Amino acid sequence: DTPDTARRRDALEFAAAFANSLGEDLSALIGSQARLDTPEISIIDGATLAASSAPVTHARCRMRDGGEAVPHLLLPLDAAVTFAGLLMGHTKDRIEELKREAIAPETLDALSEVMNLTAAVLSRSIGEEAGLNSGLQQGDTQPRPNPAADGEWLPAGSYRNISYAL
């Protein structure tokens, strides 16, 4: 293996383990089977992502040990509202209605819980992978229906983009 091939393989193994853990935790939370398919990994520029017109749910996290890293979790808004609707026990029809409505306070609370769960699973996965006790603490969660119009919400730099299909 070349160093790049080995890093990519390690990243895919980590992402697959994360997907499995998140699927299990989501299943337990919503009372229904949730499975995330094999991930795709790419590197994306923060400016490109922030200028996108694709609606997202954004959670800025912090390291529990006070470390300087500031991870950002992004989920497509449509997927996050689906998770939130399932968490609230809504039917498929009601979830489709939620996707067309403005984000209500109870939906934002559920979105925050989805992002909190995602941060907790990622934190656990990172800790297991690296043998660390630090982990992530989820911060504020914001729906961003039009990221490009929201100003500078995502710092410049490169981000690892891990895409899953539910």
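That block above? That's the structure.
All values derive from a computational prediction rather than experimental measurement.

Parameters and conventions
Residues numbered from 1 in each chain as written. Predicted model: local features only at pLDDT ≥ 70, side-chain atom pairs only at ≥ 80, totals over all residues. Heavy atoms only, no water. Helix = DSSP H or I, 4+ residues; strand = E, 2+ residues; numbered from the N terminus. Contact = heavy atoms within 4.5 Å. Core = buried A, V, L, I, M, F, W, Y, C linked by side-chain atoms within 4.5 Å. Buried < 20%, exposed > 50% of the residue type's maximum accessible area, 1.4 Å probe, protein only. Salt bridge = Lys/Arg side-chain N within 4 Å of Asp/Glu carboxyl O. Expected span 1.5 Å × (residues − 1). Axes fitted to C-alpha atoms, helices over the stretch in contact; angles between N-to-C directions. Parallel < 35°, antiparallel > 145°, perpendicular 65-115°, else oblique. Left-handed = near helix turned anticlockwise from the far one by under 90°.

J.: Residues and numbers for the environment of Leu77, please.
T.: Within the secondary structure, Leu77 is located in helix H3 (residues 77-87). Leu77 sits 22 residues away from Lys99 along the chain, and the two C-alpha atoms are 8.4 Å apart. Residue contacts for Leu77: discarding those within four places in its chain leaves Pro55, Val56, Thr57, Ile103, Pro143 and Pro145.

J.: Which residues make up the nonpolar core, and what are the values?
T.: Membership of the largest hydrophobic core comes to 25 residues, with the highest contact counts inside it found for Leu22, Leu26, Leu73 and Leu75. Elements with a contribution of two residues or more to this core: helix H1 (3-30), strand E2 (56-63), strand E3 (72-76), H3 and helix H5 (105-130). Among the elements that line this core, the one with the most residues is H5, at eight residues. Contact partners of Leu75, with chain neighbours within four places excluded, come to Val56, Thr57, Ala80, Phe83, Val114 and Met115. Counting five residues, the second-largest nonpolar core is a separate cluster that includes Ala50, Val56, Leu154 and Tyr159.

J.: How would you explain the pattern of salt bridges if you had to name every residue and give the values?
T.: Inspection of every chain in the model, using the stated rule, returns four salt bridges. Arg94 is paired through a salt bridge with Glu97; the nearest N and O atoms lie 3.1 Å apart. Placement of both Arg94 and Glu97 in helix H4 (residues 92-100) is noted, with a separation of three residues, approximately one turn of the helix. The exposure class of Arg94 is partly exposed, given its relative accessible area of 26%. Ionic pairing is found between Lys99 and Glu96, a salt bridge with its closest N-O pair at 3.1 Å. Taken as a pair, Lys99 and Glu96 lie in helix H4 at a separation of three residues, close to a single helical turn. The exposure class assigned to Glu96 is partly exposed, which follows from its relative accessible area of 38%.

J.: Would you mind going over the side chain of Arg144 in detail, with residue names and values included?
T.: Looking at the element boundaries, Arg144 is found in strand E4 (residues 136-144). Sequence-distant contacts of Arg144, defined by excluding residues within four places in its chain, comprise Pro55, Val56, His58, Asp150 and Trp153.

J.: Which residues make up H1, and what values go with them?
T.: For an α-helix, the turn length of 3.6 residues means that residues three or four places apart are oriented alike. In this model, H1 (28 residues) spans 40 Å end to end at C-alpha, consistent with the 40 Å of a helix rising 1.5 Å per residue. Positive phi appears at Gly31, one or two residues downstream of H1, with a value of about 75°.

J.: Go over the packing of H3 against H4 with me, naming the residues and quoting the values.
T.: Helix-helix packing: each pair is described by the crossing angle between the helix axes and the interaxial distance. One way to put it is that H3 packs onto H4 with a least axis distance of 9 Å and a crossing angle of 135°. By the criterion of interaxial angle, the relationship of H3 to H4 is oblique. You can see that H3 and H4 cross each other, and the crossing is right-handed. Of the residues in H4, those touching H3 at Asp78, Val81, Thr82, Gly85 and Leu86 are Ile95, Leu98 and Lys99.

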